[in-house]
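Structural characterization, general
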Amino acid sequence: MESCVFCKIVRRELPSTILYENEHVMAFEDIAKMAPTHVLIIPKTHLQSVVELDSADGTLLTALQEAVVAVAKITGVYETGFRVITNVGEEAGQTVFHLHYHILGGRKLEVLLG
Ligand code: 5GP
Ligand code: ZN
């Protein structure tokens, strides 16, 4: 998608601090970190949110899952605990409409049930 900020990061048109990358996915530091570890994991293809993933996306789903574990290990939160969040739509607070998982950790996170 031409104007999508995360597609621009994938195409290296915008700078980012990349922690992990392969053919299918990319993980980079959030620009406005909410915790000592705050990393975004995205598919390299433009999908609006997690609801656009389906059974035909098996390879991508596996890549996203492997990226969660890899990022947790790279950042050290694998040992201490972390949170995986994906917002869907405006009421949930989604501001970038390219699927992304937030990986948050490195401090005690408050209980979050809405
Ligand atoms: P959302 O609110 O859609 O779940 O999360 C979007 C996230 O993307 C926010 O945490 C925001 O700080 C981050 N973000 C927005 N623009 C950029 C950017 O250009 N670079 C990086 N690294 N993160 C961004
Ligand atoms: Zn995009």
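All values derive from a computational prediction rather than experimental measurement. Every chain begins its residue count from 1, and numbering advances along the sequence as written. To read the labels, note that chains go from A and ligands from 1, taken in the order they are written. pLDDT decides what is reported in this predicted model: residues at 70 or higher carry local features, side-chain atom pairs at 80 or more are listed and counted, and totals for whole chains, interfaces and linings draw on all residues regardless.

**Regarding the environment of Glu79**
- Only DSSP runs of H or I with at least four residues qualify as helices, and only runs of E with at least two residues qualify as strands; both kinds are numbered from the N terminus onward. Considering the arrangement of structural elements, one finds Glu79 in helix H3 (residues 77-80).
- Each residue is classified by how many other C-beta atoms fall within 10 Å of its C-beta atom, where C-beta atoms are placed from the backbone; a count of 20 or more means buried, 12 or fewer means exposed, and values in between mean partly exposed. By C-beta crowding, Glu79 is classed as exposed, having 9 other C-beta atoms within 10 Å.
- Separated by 22 residues in the primary sequence, Glu79 and Asp57 have C-alpha atoms spaced 29 Å apart.

**Observations concerning the site of ligand 1**
- Any residue whose C-beta atom, as placed from the backbone, lies within 6 Å of a molecule or strand is termed near it. Around ligand 1, a shell composed of 14 residues is seen, among which Ile31, Ala32, Asn87, Thr95 and Val96 lie nearest.
- Polarity classes work like this: nonpolar for Ala, Val, Leu, Ile, Met, Phe, Trp, Tyr, Cys and Pro, charged for Asp, Glu, Lys and Arg, and polar for all others, with Gly in that last group. Looking at the shell around ligand 1 residue by residue, the classes come out as seven nonpolar, five polar and two charged.

**Some words on the nonpolar core**
- Counting 21 residues, the largest nonpolar core has Val25, Ala27, Val39, Ile41, Ile42, Val71 and Ile103 as the members making the most contacts within it.
- The contact rule is simple: place each C-beta atom from the backbone, and if two of them lie within 7 Å, those residues are in contact. Leave out the neighbours within four places in its chain, and Val25 touches Ile41, Ile42, Pro43, Lys44, Ala63, Leu64 and Ala67. A set of buried residues qualifies as a nonpolar core if it consists of Ala, Val, Leu, Ile, Met, Phe, Trp, Tyr and Cys joined through C-beta atoms within 7 Å.

**What about the pairing of strand S1 (residues 18-21)?**
- DSSP bridges decide pairing: two strands pair if at least two such bridges lie between them. In this sheet, strand S2 (residues 25-29) lies alongside S1 in antiparallel orientation, the contact comprising three bridges. Counted as the bridge partner of Tyr20 is Ala27 from S2.

**Observations regarding helix H2 (residues 58-75)**
- One less than the residue count of a helix, multiplied by 1.5 Å, gives the span that helix is expected to have. The first and last C-alpha atoms of H2 sit 26 Å apart over 18 residues, in line with the 26 Å expected at 1.5 Å per residue.
- Taken together, the buried positions of H2 are Leu64, Ala67, Val71, Ala72 and Thr75. Taken down its axis, H2 places every buried residue within 125 degrees of arc, on the same side. Away from the buried face of H2 by more than 90 degrees, exposed residues Gly58, Thr59, Thr62, Val69 and Lys73 are located.
- Considering only its buried residues, H2 is in contact with S1, S2, strand S3 (37-43), H3, strand S4 (82-85) and strand S5 (101-105).
- Positive backbone phi, at 95 degrees, marks Gly76, one or two positions downstream of H2. The directions considered for the arc run from the helix axis to the C-beta atoms.

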